[in-house]
Amino acid sequence: MRSPAFPDPDRPRRLRVGDWDVDPSAHEIARAGETVRVEPKVMALLVHLAERAGETVSRDDLLAAVWPGVVVTEDALSRAASKLRRALDDDAQAPRYVETIPKAGYRLIAPVEWGGEALAAAPATAAGRATGAAAPGGAPRLWLTLGVVALALVLLVLGVRWWAGPEAPASRPLTHLPGVETHPALSPDGRFLAFVAVPRDSAGSDLYVQGLDDPAPRRLTATPETERHPTWGPDGQIAFLRCTDLRCGLFAAPALGGRVRRLADAVVGPWGLSGTADGRRVVGVARPEPDAPYQVVLVDVKAGTTRPLTAPPPRSVGDLYPALDPAGTRVAFVRHSPDGAEDVLVQALDGSAAAVQVTHDGVPIGGLAWTPDGRGLVVASGRGGVEGLWRVPADGGEPERVPLAMAATPRRPALAPGRLVFEARTAEVNLYRLDLTREGPPQPAVVSTDASTQPAISPDGARIAFVSSRSGTPALWTARADGTDLVRLVDFEGARLGAPRWSPNGRRIAFEAQQGGTAEIYVVDAEGGAARPVTEDIGYALGPRWGPEGRFVYFGANPDGDWRVWRVPVGGDGQAPAAAGPPEPVSPPGGFVGEPTADGRALVFSRADAPGLWRRSLPDGPAARLDTTLALSDWGSWAVTDTGVFLVGRGADGTHLVRLDPTTGARETVRRDLGPLPSREPALVVSRDGRVVVLARATRVESALVLVEPFE
C-alpha cells in the first residue's frame, strides 16, 4: 500500500532520510554541506523504498516500480541498491539505511520525513508497546505479547533455515596428489574420472584416470608436454589435447592404459575440447588467423578438417571452453567480449539458429558442464562477487546457486547422472616487498592463508593497498608496509574490486569496481569514507592510474566498442562526485591501461590486442612501440617511475623485473626470479622513486577434485 504521506508519485517532493536531505527532481542528496548526485534509477529506488519505509519491499515490486515496462534482471536491482548504499555512506554488513532481506527484497530502516511530516522508519514493535503502561485487561495483553514473542522466535528459526538455503549434498575429495588436479571428465556411466594433474614445481601435466571408488589413480601419459581437457569417447577411449605453448594436437588413450595415438591432424588452441558420443567429431577452439579471435570449431576426426561454428566479435579474445550437450546437437561456450566481460552462450551445432546468451553477468567463468538431461548447465562463476557454482537454464533464465559444503573456489564442473565433480582450488597469494637498493630476495609484507592481490604502495612507502576476500567478500584493504594495522577501506556489495592506486600526495586511492558486466572507477580517501565515482556509463572501465600532479585519473575504457586510454579530471579531496569534468580519450584505439611519464609529456600504455608497451607524446602525438617484453596477460603489471618504466618479464628461466627507458626503449633486467606472479591482474607496483617493489606471489596453489552425490 502506498504511504498517504506521498500521494502523488509523478511529482516527488523533497524528503529527509535519516540525516540526508533528498531532492528527487534534481537527483541529489545532501548532508552537512556535502552534495551527492545519483543516477535516476538509484533515486527512483530510494523514493520507492521511502514510500514504504520500514516495510520489506519485494524485488519484483522494486523491479516493476523502478524499471516500469522494461525487462531487466535482478542484477540491475542489486547494482542500484549497491550504488544507493555508497551514496548514503551505508554499510551492507551493518546497515543504517538500506537493509537486505535475504530471498525477499530490501527495507529502508532510517527515519523518513515527507514535506515536514515525520514517518517512523518502522512500526512500533509488540515488545515496545508492551513496555508502556498496562492496558485494560493486562493479563490477556501479557499473554498476547508472549504469544507474539514466541511466534517471532519460531519465524526467526524458520527464517534462518530459509536464509541458509537448501542443505548442501554430501561431498568428498576424490584425488590426493600433491599439486593441482584439474580438467575433470566423468565417464558417461559416472563410474570413472579422467583428469589432468600438474605436480608441484612443474610446468607440465599428465593424464590420469581413476574409479570413483578407487583411491589410486592410473597414470596414462608421461611427457614433458602439457595435457589438457580430456573427454570420453566410445569404447573406453579418452580424447585429450597435447599442447606446446598455444598449439595443441588431438590425441587419444585407452582408459585402462595402452598406446597413445594421434587422433587427428588438426591443430587447435588449448582452450577446451568436447566430443560426440560416437567419437567421430569433437569441438575445440582455433584461430583462423594469428591475430583473430578464437572461435569454436567442429573437427572431423577421420578427415582431420575443421569447420567454424561460432562468430565471435572482432577485437576480442573470442569463444572458449566449448561443451557439447548430451544429445550432440548444441554447444555451450564462454564468450570473452571486447569489453572484457565473460558470459555463456548456447548455439545449435548445425548452425540453424543464432547463439543465445544464457548468462548476463560479465564476470570471469571458471568452467561449465551440461546437466545429463540437457536442460541446463552448471557454471562456475563469480556472479555476485563470490565464486560459486550456478545452475543456468539452457534457454536462459535466472541462475540458481548450487549449495556446496566447502569453502575453496569451485572450478571446472563435470556431470554424470546423479554425480557432480569439480575442482576445488585454494590459492595462497601473499604480498612481498623488494628493496632494489639492497641485495636479497623479496621479503614478506602482507601474509595470510587467504589471497592478497593487486598491490599498490603509498608515495611515502609507509602503507600498502591491496584486494582481499579475508572478510568473506572482495574488499579493498590497506596495511602498513610490514603487514600490521590492517584497515578494510571499501567493501561494495556484489562487486569485484581491483587495481588500487595511490594519488601522488597519498591522500586518495583510485580503484575499479566490476559488477554485472560493467566496471567503473572510484576514488576514496585513504583515511576512509564514502567512495566517489569517477566514471559513469562509459562501458567497462579498468586499471586506474594517476597523473604526476594528481589532477587526472587515467584508465582504460571501451564506450564505443574500441578500447582506449582515457583521462578524467578529479576534484579536490573530499569532493563528491570525484570527477571534475568529462573524460577524454588520450590513446589511439587499442590502448588498454596507461600512465603518463614522470614529466607528464608522454603516455605509456599497454594494448588490449598485443603484448608489449607503447609510448605516445601528449596530447596527440604518434604512438610508437617501446618493447615487446610485457605479456598480454600482464597488461597491468608495470609502473612508471622517476627512474624509468618497470615491468614483468616472463621466460623459460622464470619471472624477472625489467626496466625500460621510456624515451629510447633501452631495457635492462634489474632482478631475476621474482617467483610465481599471478597473471590477468596487476601483480606488481614500484614506488615513484624506483627503489621499492611490492609484488603478489602465489606461494601455494593446490587443488583436488571433489565428488558431490547424490546430485539432482
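Coordinates for the structure precede this section.
Computed from a predicted model, the values in this text were never measured in an experiment. Numbers given for residues are sequential positions, taken from 1 along each chain in its written order. pLDDT decides what is reported in this predicted model: residues at 70 or higher carry local features, side-chain atom pairs at 80 or more are listed and counted, and totals for whole chains, interfaces and linings draw on all residues regardless. Hydrogens and water are ignored here; the side-chain numbers use all heavy atoms of the structure.

A.B. asks: Describe the packing of aromatic side chains, listing the residues and the values that go with them.
C.D. replies: Each Phe, Tyr or Trp ring (for Trp, its six-membered ring) is paired with any other whose centre lies within 6.5 Å, and the angle between the two planes then decides the class: stacked below 30 degrees, edge-to-face above 60, tilted in between. Within the structure shown, the criterion is met by nine aromatic pairs. Taking 5.5 Å as the distance between ring centres and 10 degrees as the angle between the ring planes, the aromatic pair formed by F195 and Y208 counts as stacked. You can see F195 sitting in strand β12 (residues 192-199) and its partner Y208 sitting in strand β13 (residues 206-211), a full 13 residues away along the chain. Both rings, one in F605 and one in W614, keep their centres 6.4 Å apart while their planes meet at 20 degrees; by these two values the pair is stacked. Taking the relative accessible area as the measure of exposure, F605 reaches 0% and is therefore buried. Each residue in the set W271, Y294 and Y321 is aromatic and connected to the rest through ring pairs, giving one cluster. Over the ring of F552 we find R567; its NZ or CZ atom is 4.0 Å from the centre of that ring. Two thresholds decide whether a charge sits over a ring: the Lys NZ or Arg CZ must be within 6 Å of the ring centre and within 35 degrees of the ring normal. Looking at R607, its charged tip hangs above the ring of W614, at a distance of 5.4 Å from the centre. Secondary structure elements follow DSSP: runs of H or I of four or more residues count as helices, runs of E of two or more count as strands, with numbering from the N terminus. Each residue gets one of three labels from its accessible area relative to the maximum for its type: buried under 20%, exposed over 50%, partly exposed in between, using a 1.4 Å probe on protein chains only.

A.B. asks: Can you explain helix α1 (residues 40-51)? Please cite residues and give values.
C.D. replies: In this model, α1 (twelve residues) spans 16 Å end to end at C-alpha, consistent with the 16 Å of a helix rising 1.5 Å per residue. The buried fraction of α1 is high, at nine of twelve residues. The span expected for a helix works out to 1.5 Å for each residue beyond the first.

A.B. asks: Give me the lowdown on the pattern of salt bridges, citing residues and values where you can.
C.D. replies: By definition, a salt bridge exists where a carboxyl oxygen of Asp or Glu is found within 4 Å of a side-chain nitrogen of Lys or Arg. Counting across every chain of the model gives 28 salt bridges. A salt bridge links D525 to R532, with the shortest nitrogen-to-oxygen separation between them at 3.2 Å. Per residue, the accessibility class of D525 equals that of R532, and both read buried. Through salt bridges with shared partners, a single network forms among R411, R412, E423 and R425.

A.B. asks: Hey, could you go over unusual backbone geometry for me, with residue numbers and the actual values?
C.D. replies: A negative phi holds for most residues other than glycine; trans holds for most peptide bonds. Of the consecutive residues L618 and P619, the connecting peptide bond is found in the cis state with omega at 10 degrees. Here P619 lies in the loop between β48 (613-617) and β49 (623-627). In the segment running from E709 into P710, the intervening peptide bond is cis, with an omega of -5 degrees. Topologically, P710 is positioned in the segment after β55 (692-708). Located in the positive-phi region is D235, a residue other than glycine, with phi close to 60 degrees. For D235, the location among the structural elements is in the loop between β15 (226-232) and β16 (237-244). Even without glycine at this site, D485 takes up a positive phi of about 55 degrees.

A.B. asks: Can you lay out the state of the cysteines for me, pointing to particular residues and giving the numbers?
C.D. replies: We call a pair of cysteine sulfur atoms a disulfide when they lie within 2.5 Å. Under the criterion given, the structure shown has one disulfide. The side chain of C243 participates in a disulfide bridge whose partner is C248; the two sulfur atoms lie 2.0 Å from each other. Its S-S torsion of about 105 degrees marks the bond between C243 and C248 as right-handed, since a negative value means left-handed. We classify C243 as buried; its relative accessible area is 3%.

A.B. asks: Any details on the sheet that holds β16? Residues and values, ideally.
C.D. replies: Think of it this way: DSSP has to see at least two bridges between two strands before they count as a pair. Pairing is antiparallel in the open sheet, where four strands are placed in the order β15-β16-β17-β18. Looking at the sheet topology across the chains shown, the edges are occupied by β15 and β18 (261-268). In this sheet, adjacent strand axes meet at a mean angle of 25 degrees when their direction is disregarded. Sheet topology places β15 next to β16; five bridges connect them, and they run antiparallel. When the bridges of β16 are listed, E227 appears paired with R242. For every element, the axis is a line fit to its C-alpha atoms; helices are fit only across the contacting stretch, and the angle between N-to-C directions ranges from 0 to 180 degrees.

A.B. asks: Can you tell me about the sheet that holds strand β26 (residues 356-357), naming the residues and giving the values?
C.D. replies: In space, the four strands of this open sheet follow the order β23-β24-β25-β26, with antiparallel pairing throughout. Strands at the two margins of the open sheet, each flanked by one partner only, are β23 (318-324) and β26. Relative to strand β25 (residues 342-348), strand β24 (residues 330-336) is paired through seven bridges, and the arrangement is antiparallel. By the bridge assignment for β25, H336 is matched with E342.

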